Structure formats: C-alpha cells, structure tokens
Amino acid sequence: MPKTVSVFTLGGTISAQGGDHARLTGAQTLAAAPVPAGVDVELHDVRRLPGSSLALADLAELAGRVDEATAAGHGVVVVQGTDTLEETAFLLDVVCAPREPIVVTGAMRRPDLPGADGPANLAAALAIAADPGCRGLGVLTVLADEIHAARHVRKTHTTSVATFASPGAGPLGRVVEGVPHILLRPEKPTVERPLRLRTPARVALLTLSLGDGGELLDAVDDRFDGLVVAAFGAGHAPKWLVEPLAATAARMPVVLASRTGAGPLLTETYRGPGSESDLLARGLISAGQLDAPKARLLLHALLADGADRAATAAAFERLRAG
Ligand SMILES: NC(=O)CC[C@H](N)C(=O)O
C-alpha cells in the first residue's frame, strides 16, 4: 500500500527562482523532486516567505496542520528557508505528537542556479517521512543527505550546502542511495508530552558581549514573560550583571544558555560572581545543551502551555545531559 506524505511548503531559497521567495508555488517546488516509489504526496502550499519572515503564529498554525496529518497516518515533510529551519524543526519537536516521521528540509542554492540542492533534499525528506524506521526519533532535518535531530541541529555556515550540523551530538544518520540509514536513536523525546500553545507568551533572547552594560536587560522588564540569556562560554556573565539578572529571575523565568552554540553548560566548575554556579544559585535555569534560540522556543512553549516555575525548570533539567 502506498504511504501518504503530507508536504507543507513555506517558501525559502528552495522556491526562490530568480531570487524571489514568492516566485515558485509549492507544486512547482515539488515538481523538481523525484518522488520515491510507493509514496503518494499530499501538498499544502502554506506560505511563500523567506525563513527570516516566518512568525511564531505561522509555526503554531503549521504545528496544528502537521498534527492533523500524522493523526491521519501520514508522514510529514516541511519545506522552508534554511535561515530558521532549525527553529521550525525544534518547535514542532516540542508541540507535535510523535506519531509518524516529521522532517524539515530546504535548500542552500536557488532552483535556477547550477547544482541546486532542493530536488535532492526533497527526495531525501520524502524517503524519511515514508519510512516507518524513522518513527520515534523526534522531528528530523535533512539536507545534503545528513539526518539530524531537531534538538541538536544548527545552521553553521552561511552558504555551504552542508551547513546543517549537530556540533554537540553528530548526525543521527544518512540517506544513502535514497534509503535512510539511522545510526543513533535518541534515548528519550525532547519533552515528556507535547506542549500546547494555549496562551500568548513573549520570550526575549539577550546575547551578552564583552562590556555589556545591562541596558538591554533593563528593557526586558514589563515587555516579556521570560528571558533567555546567551551568556559567555559555559554559562558566565559579568559580575555587574549578576544582581540585575537575579532581580529579573525573581520576576520571570530566566534561562541561562551559552552563546558558543555547542556543548553543555557547567554547573560547579567555577565559583564567584557571574560564574555558572553563582547564576544558577541566584535562580537562573540552565539550558543544559540547548542552544539559545532553541531554549527561547522551549521557554515560549512551556509558558504558552501554562507551565509554572517548577515545571519549567524540570523541562530544562530533563535535557541537561543530552
Ligand atoms: N538557503 C536559505 O533558505 C536561506 C535564505 C533564505 N532566504 C531563507 O528563506 O531562509
């Protein structure tokens, strides 16, 4: 029996014929890809936008439609711009029911340029979405035949077709001769249960840089419900920001992440003002291995789901080791 795969197109370079993100329809984008044998495609042309212009409301709508598709037994492919591809993949990972494979793909080269990678990436994504062996892995991404977990994947280069990597973990597998080969299976889902986006939540992301005077931190109060700080190294802030950060953490959840983009935060190696142990003792919540943009999305989804402080801390704690 053929396997149905629902394909949701949002735009991106993969559709940007001549540089225009609105040029190709979902059907035209998909027409360039060889559909694997035994796969029936159901196309949903959702948006025609660059990845940078997608909003959380677009992703919330997408998540609902993805859930409907997997409830009907369909595998899912989401096609979008690579600039925010990892954020879409991660949000789907924490809000969608893990019933069937869900994979996000895109392209680095426009369809009208030599060596356009869109068709190969689409073919790989369709193969993954139709493969029962790719169930239970969480939301996946595939570009250049490399399969990554939404929790770890990042865009690491502005132009390389092999831009997606999981610096803290490595790929989960590879597509070889059109067939997905899974090498590693995640121990547990990213969240205990899919989170529901029920209430609006505003989460700020503040990246520290040398000599930060705290002016942007002051601007967070009153405007946001939560904050992620992309701090130095393994979770460090300047000593003069410790009191302001602690004061903010008394009013809203403040998650401590690293601006390095890979590796876990430390918990006890350094002591003293602005060290990781100091910041955690003052009420900041460790993002563990999650990078800062993903920590922002998880905090957003938790707040939108109605999580209190203890549930928020527990959700991040669950991801500390991996
Ligand atoms: N290669 C890409 O898709 C990145 C740029 C593209 N404008 C986007 O939609 O994100």
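The rules behind each value
Residues numbered from 1 in each chain as written. Predicted model: local features only at pLDDT ≥ 70, side-chain atom pairs only at ≥ 80, totals over all residues. Heavy atoms only, no water. UniProt positions renumbered as here; feature names shortened; annotations may be inferred. 1 Å grid on protein atoms, 1.4 Å probe; cavity = no way out; pocket = protein on both sides within 12 Å on 5 of 7 lines; lining within 4 Å. Points joined across faces, edges and corners; volume = space filled by probe spheres on them. Nonpolar A, V, L, I, M, F, W, Y, C, P; charged D, E, K, R; others polar. Helix = DSSP H or I, 4+ residues; strand = E, 2+ residues; numbered from the N terminus. Pairing = 2+ DSSP bridges. Axes fitted to C-alpha atoms, helices over the stretch in contact; angles between N-to-C directions. Near = heavy atom within 4 Å. Polar contact = N/O pair within 3.5 Å; in protein donor to acceptor, adjacent residues only side chain to side chain. Areas by Shrake-Rupley, 256 points an atom, 1.4 Å probe, with all protein chains shown as cover. Domains from an automatic or database assignment. Contact = heavy atoms within 4.5 Å. Buried area = accessible area lost by both parts, 1.4 Å probe. Salt bridge = Lys/Arg side-chain N within 4 Å of Asp/Glu carboxyl O.

- Under the annotation held in an unreviewed UniProt entry, the chain carries the name Putative L-asparaginase and is attributed to Streptomyces alboflavus.
- The record held by UniProt for the chain lists under Sequence similarities (unreviewed entry) the comment "Belongs to the asparaginase 1 family."

Examining the layout of surface pockets
- Estimates place the volume of the largest pocket at around 690 Å³.
- Lining the largest pocket we find 37 residues, and of these Leu-137, Arg-151, Pro-186, Lys-188 and Pro-189 sit closest to its centre.
- Of the residues contributing to the lining of the largest pocket, the split by class is 19 nonpolar, eight polar and 10 charged.
- The space that makes up the second largest pocket amounts to roughly 200 Å³.
- As for the second largest pocket, its lining consists of Val-191, Glu-192, Arg-193, Leu-195, Leu-302, Asp-305, Gly-306, Ala-307, Ala-311, Ala-314, Ala-315 and Arg-318.
- Looking at the lining of the second largest pocket, the elements that each hand over two or more residues are helix 8 (292-305) and helix 9 (309-317).
- With three residues, helix 9 is the largest single contributor of residues to the lining of the second largest pocket.

What to know about the sheet that holds strand 6 (residues 146-149)
- Pairing in this open sheet of eight strands is mixed, and the strands run 2-1-3-4-5-6-9-10 from one edge to the other. The open sheet is flanked by strand 2 (39-45) and strand 10 (179-182), the only strands paired with a single partner. Averaged over all adjacent pairs, the angle separating strand axes in this sheet is 25 degrees, with direction ignored.
- Both strand 4 (residues 102-105) and strand 5 (residues 140-143) contribute to a ladder of two bridges, which runs parallel. Note that in strand 5 the partner of Val-103 across the bridge is Leu-140.

Quick word on the site of the ligand
- Near the ligand you find Gly-12, Thr-13, His-21, Pro-50, Gly-51, Gly-81, Thr-82, Asp-83, Ala-107, Met-108 and Lys-155, and these make up its full shell.
- One nitrogen or oxygen atom from the side chain of Thr-13 is found 2.9 Å from an oxygen atom belonging to the ligand.
- Asp-83 places a main-chain nitrogen or oxygen 3.1 Å from an oxygen atom of the ligand.
- Here the ligand loses 87% of its free accessible area of 280 Å² to cover by the protein chains.
- In terms of residue class, the shell around the ligand is made up of three nonpolar, six polar and two charged.

Description of empty space enclosed by the protein
- Throughout the structure, instances matching the rule amount to three cavities of 30 Å³ or more.
- Here the largest cavity is characterised by a volume of approximately 90 Å³.
- If you go around the largest cavity, the residues you meet are Arg-151, His-152, Arg-154, Pro-167, Gly-168, Gly-261, Ala-262, Gly-263, Gln-289, Asp-291 and Lys-294.
- When its residues are assigned to classes, the lining of the largest cavity shows two nonpolar, five polar and four charged.
- Built from parts of two domains, the lining of the largest cavity gets at least three residues from each of domain 1 (3-182) and domain 2 (203-320).
- For the second largest cavity, the calculated volume is near 60 Å³.
- Ser-258, Thr-260, Gly-261, Ala-262, Gly-263, Leu-265, Gly-288, Gln-289, Leu-290, Asp-291 and Ala-292 together form the lining of the second largest cavity.
- Here the residues of the lining of the second largest cavity are counted per class, giving four nonpolar, six polar and one charged.

Points about the UniProt feature "active site" (unreviewed entry) in the chain
- Here, the residues flagged by UniProt with the feature "active site" (unreviewed entry) are Thr-13.
- Following the sequence through the fold, Thr-13 ends up in the loop between strand 1 (3-9) and helix 1 (26-31).
- When sequence neighbours within four positions are dropped, the list of residues in contact with Thr-13 reads His-21, Gly-81, Ala-107, Met-108, Arg-109, Arg-110 and Pro-111.

Considerations on the domain arrangement of the chain
- Each assigned domain of the chain is listed with its residue range as follows: domain 1 (3-182) and domain 2 (203-320).
- Domain 1 and domain 2 are separated by 30 Å when their C-alpha centres are compared.
- On the domain 2 side, the residues contacting the 14 residues of domain 1 number 14 residues.
- Summed over both partners, the interface of domain 1 with domain 2 buries about 1200 Å², with 70% contributed by carbon and sulfur atoms.
- Among the residues of domain 1 in contact with domain 2, Leu-56, Phe-90 and Arg-154 are the three that bury the most area, contributing 43% of the side total.
- Linking domain 1 with domain 2 are one salt bridge, by the criterion used here.
- In this structure, Arg-154 and Asp-291 form a salt bridge, with 2.7 Å as the shortest nitrogen-oxygen distance.

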